[in-house]
Amino acid sequence: MGGAGPASAEGYEAAFGGPALLAETREQTLTLGVGMAAMSLHADTPARATTVDVDPMQNVTIGAALPIPFGGALADRVTFGVGFLDPTQFLIRAQILYPERLQFPIVAPRVQSLAVLMGAGIRVGDRLYLGGGFEALAALVGQITLALDATGTVSSSSDDQVVAAYAPVLSAAYDFLDDLRLGVTYRGELAARFVVTVHSVNLGIPVPDFNVAGLAQYDPEQLAAEVRWSSIGRAPIETRSRAWRLVAGVIYRRWSRYPGPLEPTVTANTDYGPPPIDAHDTLSPRVGVERAEPLSRSIGVRLRAGYAYEPSPLPTQTTSFQLPDGTSSSANELDSDRHVFTAGLGVVFGPKSTIQIDLVAQLHVLTARDNVKDSTVPSDAPGAPVVRAHGTILVGGATAGVRF
Amino acid sequence: MARSKLAAIFFFGASSLVSARAHAGPTETYGFFSRSTALGGAVSADATDASANFYNPAGLAAARGLSFDVGYVRADPHLSINGQDTDVDPVHGLVFGLVAPGKIGPLPFAFGVGLHLPDDRIFRVRSLDQSQPRWELYDNTPQRIYLSANVAIEPLPWLQLGGGFTFLASTSASLSITGGLEIADVESSRMRHEVDASLQSVRYPEVGIRVTPTKRLRLAAVYRGEFQLDLNIDANVMLDAHALGLTVPFLALIHTASVNAFLPRNVVVGASYDATDDFTIDADLTWVQWSAYKSPATGVDETVSLDAPPGFPTSLVPTSPAPTIIVAPNFSDRIVPRVGVEWRLPLGARERGHRLSLRAGYFYERSPVPAQSGVTNFVDADRHAFSAGLGVTLHALGALLPGDVRFDVHGQWSVLPQRVFEKASAADLVGDYSASGTIVSIGTTLGVTF
């Protein structure tokens, strides 16, 4: 449904889209799923058409929504949710490339990282839902120390650590009318760095510390707001439900805080470093629709469709920067606006909706964007005189959920 | 002295990135949740709480209600070589688990998650030369996350089956450093780098079975899969070294390979017997396949070239370092016996449901490490672990909490008796040495069962 969330998320997915709505789940639910994403990203110059290599991604998702059977005043009000998105190959991939390489630093890393989501939601009174949780990513921090031993041989030791980066997720939803709900979700900035410092001690020749570092994955701070209308009011959609749901929302993302994927190799040299990325904030609108229709007393279907517009946070790559040897080149950290079309099908089995199977497909279309290099860029620099960024991303997935 | 220094910097840098060791994790070494740890870990047939995610997933199906457990554990090793403490880092972190039992139709079903999260890292990989003495199974051993997800079913009233996966990750990277190195003023050096690194998803399976032939006896068997990964690093270093008015192009291409994060396969059989309604005896035997352990030492292929101009001092022309000769570790399998007892006392009227539990346990781990008479120095000793703990369970505290609230604490004291390592060669740089130590571990768990 166009990636909707704060007013419409269901089950364990609410831990990501809007933890407050976990409180709507009143039966224990376990969901297993698989997903895949294939990217076709292109960076074309007048001389050559280039396909940027991005590994296809497959992942496994595991999620659970568990109502907490408190008694008394908290009875039927609190639900805990947990979700793992586990890429089958890479827990996280850090591709931190020289800036002149043709690359898509915004979209490419996003499909190759483990996500852990955990949250809880509570229904306050009759119409207000509050929730919170966190999202976690993995990051790598390390140090290598080189020194001369007593025999004059260079010896080394290393200490590499995988650490966790966390971001809070807070949400609220309110049923203004029986058929109208407003939801908001705030998600904190999530940055997974790769940092390995090479430190030399008493080698006999001076060597600076090498800061082999960069940003492997970055999710900006964001605020999402959404409105949901339901033809059956506040009732949940069950097997025999016949209903329409419409959602419309917008997401504000604070990309202006994105420092870019690269860091200086020699941090002591403040006069030289990678070119700035100059990202800007974005506002992304989205709409979605869902139709629930019973096929029989024990089988129901849910059809979904949606659209989202994702403006690019990066400027066109037009200017030059200086290489270590003093010559010039041009950055090619490419991106473009995206139109996202989604469709989904859900089938619910059992008079109590015991089993639900969902299929989803997303097509992202990166509109063609020309990055025209200015006069300071050498004619033989990568991407010169103009590089056109465009492409498509196809995402598919299937989940099976069971109430137990 | 300056010979091959520049090459060596990047050679050792890259090899150190990969020369990793990791062995049994924190749960295998220090236990998982206070009750099970206090019982010596002899709970494959007994655990039905969140600790069953590790000890035997089949036990999840015997859980009485939705439960959440959270706790904290800290272990302080005091391990010495020749009487000198080797400063093995302590292990401390949060433990979290949940068990959600229910039914799918008529079939009892349960889902569980277990997590041990070190305070300051998910896991750590530390490399040392194979000849450097270190406590191979404890230095950096438990500096790792444990995360598992499991399901269990009860197809028959006396039979529970369970299984799941534990998630870990290995690291691999290729990196490139280019630019200029200013020998006279290194901080003005202009360099840059690019990296293609990944933490690769790895999952190893765990399956278990639990049977209840009588009302008082439970039997169990558990299998945990082996986990090891090949780790490769490629480093490409191209620099222009500026010194003495000369610019000297330097190139090093380095490929390293090693084994990372080894976890041996193990099989557990266990029993739990209620001698009375208030007294339980647990016993486990675990076979651990340490013979499959591969040396963590790094194999290195290196090409170094320096385009020395005429008149450049030949003593500064680097040569490739001698390759590492990896010695097979030849660890041996071992059987680990475990035993635990629990005595439950009512707190107040028995029908009120509050109780105090007293627990004790013991296990013995024979060292799988052979004599270190050659170049390697993998230090280890037998381990005797004594544990004790107590727990308070409060039942139906009020309308808000109709189930149980549990508070458990445990302490574990491990003794590693002195072991002497003698070298075959009198010219060995390390020489003979002795090793011994103790490990003290404490922890607490707070749980709620609805």
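All of these numbers come straight from a predicted model, not from anything done at the bench. (Residues numbered from 1 in each chain as written. Chains lettered and ligands numbered in written order. Predicted model: local features only at pLDDT ≥ 70, side-chain atom pairs only at ≥ 80, totals over all residues. Heavy atoms only, no water.)

## Brief notes about the overall build of chain B
Then, number 1: In terms of regular secondary structure, chain B is built from four helices and 21 strands.
Then, number 2: Looking at the 450 residues of chain B, the share that counts as buried comes to 57%.
Then, number 3: Here the contacts in chain B between residues at least 6 apart in sequence split such that 72% fall between residues at least 24 apart.
Then, number 4: Counting every atom, chain B has about 16,800 Å² of accessible surface; 62% of that belongs to carbon and sulfur. (Helix = DSSP H or I, 4+ residues; strand = E, 2+ residues; numbered from the N terminus. Buried < 20%, exposed > 50% of the residue type's maximum accessible area, 1.4 Å probe, protein only. Contact = heavy atoms within 4.5 Å. Areas by Shrake-Rupley, 256 points an atom, 1.4 Å probe, with all protein chains shown as cover.)

## A few points about the overall build of chain A
Then, number 1: When its secondary structure is counted, chain A shows one helix and 20 strands.
Then, number 2: Taking all 404 residues of chain A together, the buried fraction comes to 53%.

## Side note on the nonpolar core
Then, number 1: Counting residues in hydrophobic clusters, the biggest one holds 29 residues, and the most contacted among them are Leu66(A), Phe80(A), Phe68(B), Leu98(B) and Phe111(B).
Then, number 2: Residue assignment for this core shows that the elements contributing at least two residues are strand E3 (57–67), strand E4 (78–87) and strand E6 (115–124) of chain A together with strand E3 (91–104), strand E4 (107–118) and strand E7 (146–156) of chain B.
Then, number 3: Among the elements that make up this core, the one with the highest residue count is E4(B) (five residues).
Then, number 4: Setting aside anything within four residues of it in sequence, one finds Leu98(B) in contact with Leu66(A), Phe80(A), Ala50(B), Asn53(B), Ser67(B), Phe68(B), Phe111(B), Gly112(B) and Val113(B).
Then, number 5: Counting 27 residues, the second-largest nonpolar core is a separate cluster that includes Leu79(B), Val88(B), Ala385(B) and Leu416(B). (Core = buried A, V, L, I, M, F, W, Y, C linked by side-chain atoms within 4.5 Å.)

## A short note on the pattern of salt bridges
Side chains bearing opposite charge may pair, as long as their charged atoms lie close to each other.
All names here are of chain B.
Then, number 1: Summed over all chains, the structure comprises 38 salt bridges over all chains.
Then, number 2: Salt-bridge contacts for arginine 406 lead to aspartate 69; the nearest nitrogen and oxygen are separated by 2.7 Å. Residue arginine 406 is found in strand E20 (residues 404–421), and its partner aspartate 69 is found in strand E1 (residues 67–81); the two are separated by 337 residues along the sequence. For the pair arginine 406 and aspartate 69, a shared accessibility class is recorded, and that class is buried. (Salt bridge = Lys/Arg side-chain N within 4 Å of Asp/Glu carboxyl O.)

## Quick look at unusual backbone geometry
Leaving glycine out, the prevailing phi sign among residues is negative, and the prevailing peptide bond configuration is trans.
Then, number 1: Ala384(A) connects to Pro385(A) through a cis peptide bond whose omega is -10°.
Then, number 2: Along the chain, Pro385(A) turns up in the loop between strand E19 (355–372) and strand E20 (386–403).
Then, number 3: Even without being a glycine, Asp76(A) presents a positive backbone phi close to 60°.
Then, number 4: Note on placement: Asp76(A) falls in the loop between E3 and E4.
Then, number 5: A positive phi angle, close to 55°, is found at Asp87(B), a residue other than glycine.
Then, number 6: Examined against the element boundaries, Asp87(B) turns out to sit in the loop between strand E2 (84–85) and E3.
Then, number 7: With relative accessibility at 59%, the residue Asp87(B) sits in the exposed group.

## Observations concerning the pairing of strand E15 (residues 299–310) of chain A
Residues and elements named next belong to chain A.
Then, number 1: Bridging between strand E14 (residues 282–294) and E15 involves nine bridges; their strand directions are antiparallel. Bridged to proline 294 within E15 is glycine 300.
Then, number 2: The antiparallel hairpin formed by E14 and E15 contains four residues in its connecting segment.
Then, number 3: Note that E15 and strand E18 (residues 338–349) share twelve bridges and pair antiparallel. Counted as the bridge partner of glutamate 310 is arginine 338 from E18. (Pairing = 2+ DSSP bridges.)

## Points about the packing of aromatic side chains
Then, number 1: By the definition in use, this model includes 22 aromatic pairs over all chains.
Then, number 2: Seen from their ring centres, Phe80(A) and Phe68(B) are 5.3 Å apart, and the 80° between their planes marks the pair as edge-to-face. Taken together, the positions of Phe80(A) in strand E4 and Phe68(B) in strand E1 put the pair across two chains. One exposure class covers both Phe80(A) and Phe68(B), and it is buried.
Then, number 3: Through pairs of rings, three or more aromatic residues link up here, namely Phe32(B), Phe33(B), Phe54(B), Tyr55(B) and Tyr146(B).
Then, number 4: The positively charged end of Arg224(B) is found above the aromatic ring belonging to Phe54(B), 4.1 Å away from the centroid. (Phe/Tyr/Trp six-rings, centres within 6.5 Å; stacked < 30°, edge-to-face > 60°. Lys NZ or Arg CZ within 6 Å of the ring centre and 35° of its normal.)

## Notes on a nonpolar patch on the surface
Residue and element names in this part refer to chain A.
Then, number 1: On the surface, a nonpolar cluster with roughly 830 Å² of combined accessible area is contributed by Tyr174, Phe176, Leu177, Leu182, Val184, Leu223, Val227, Val250, Tyr252 and Leu283.
Then, number 2: Contributions of two or more residues to the nonpolar patch are made by strand E8 (154–177), strand E9 (180–187), strand E12 (222–230) and strand E13 (243–253).
Then, number 3: The element best represented in the nonpolar patch is E8, accounting for three residues.
Then, number 4: By secondary structure assignment, the location of valine 227 is in strand E12.
Then, number 5: Since its relative accessible area comes to 37%, valine 227 is described here as partly exposed. (Patch = residues over 30% accessible without salt bridge, like charges linked within 9 Å, V, L, I, M, F, W, Y side chains within 5 Å.)

## Some thoughts on the confidence of the model for chain B
Then, number 1: Averaged over all residues, the pLDDT of chain B is 83; the fraction at 70 or higher stands at 81%.
Then, number 2: As a predicted assembly, this complex carries a pTM of 0.82 together with an ipTM value of 0.77. (pLDDT = per-residue confidence, 0-100.)

## Remarks on the side chain of Arg134(B)
Then, number 1: For Arg134(B), the location among the structural elements is in strand E6 (residues 134–135).
Then, number 2: Residue class for Arg134(B) comes out buried when judged on its relative accessible area of 4%.

## Some details on the environment of Tyr309(A)
Then, number 1: By the element assignment, Tyr309(A) lies in strand E15.
Then, number 2: For the pair Tyr309(A) and Val78(A), spaced 231 residues apart in sequence, the C-alpha to C-alpha distance is 34 Å.

## Some points on the side chain of Arg187(A)
All names here are of chain A.
Then, number 1: By secondary structure assignment, the location of arginine 187 is in strand E9.
Then, number 2: Despite its burial, arginine 187 remains without a salt bridge, the nearest opposite charge being carried by glutamate 135 at 4.1 Å.
Then, number 3: Contacts of arginine 187, omitting those with residues within four sequence positions, involve Phe16, Gly17, Glu135, Pro168, Val169, Pro220, Glu221 and Gln222. (Lys, Arg positive; Asp, Glu negative; His and termini not counted.)

## A few points about the environment of Asp209(A)
Residue and element names in this part refer to chain A.
Then, number 1: Structurally, the position occupied by aspartate 209 is in the loop between strand E10 (190–201) and strand E11 (210–219).
Then, number 2: It is 51 Å that separates the C-alpha atoms of aspartate 209 and alanine 248, two residues lying 39 residues apart in sequence.
Then, number 3: Excluding residues within four positions of it along the chain, aspartate 209 makes contact with Val198, His199, Ser200, Thr265 and Val266.

## What to know about the pairing of E4(A)
Residues and elements named next belong to chain A.
Then, number 1: With nine of its ten residues buried, E4 lies for the most part within the structure.
Then, number 2: In the sheet, E3 pairs with E4 via nine bridges, with the strands oriented antiparallel. Across the sheet, the residue bridging to asparagine 59 is proline 87, located in E4.
Then, number 3: As judged from the eight bridges shared by E4 and E6, these two strands associate in the antiparallel manner. For leucine 85, the partnering residue across the bridge sits in E6 and is alanine 115.

## Remarks on the environment of His410(B)
Residues and elements named next belong to chain B.
Then, number 1: Its place among the elements puts histidine 410 in strand E20.
Then, number 2: For histidine 410, a relative accessible area of 7% puts it in the buried group.
Then, number 3: In the structure, histidine 410 is positioned 373 residues away from threonine 37 in sequence and 7.0 Å away in space, judged by C-alpha atoms.
Then, number 4: The residues contacting histidine 410, other than those within four sequence positions of it, are Ser34, Thr37, Ala38, Val73, Ala388, Gly389, Ser441, Ile442, Gly443 and Thr444.
Then, number 5: Within the local environment of histidine 410, its side chain forms a polar contact with the side chain of serine 34, the two groups lying 2.9 Å apart. (Polar contact = N/O pair within 3.5 Å; in protein donor to acceptor, adjacent residues only side chain to side chain.)

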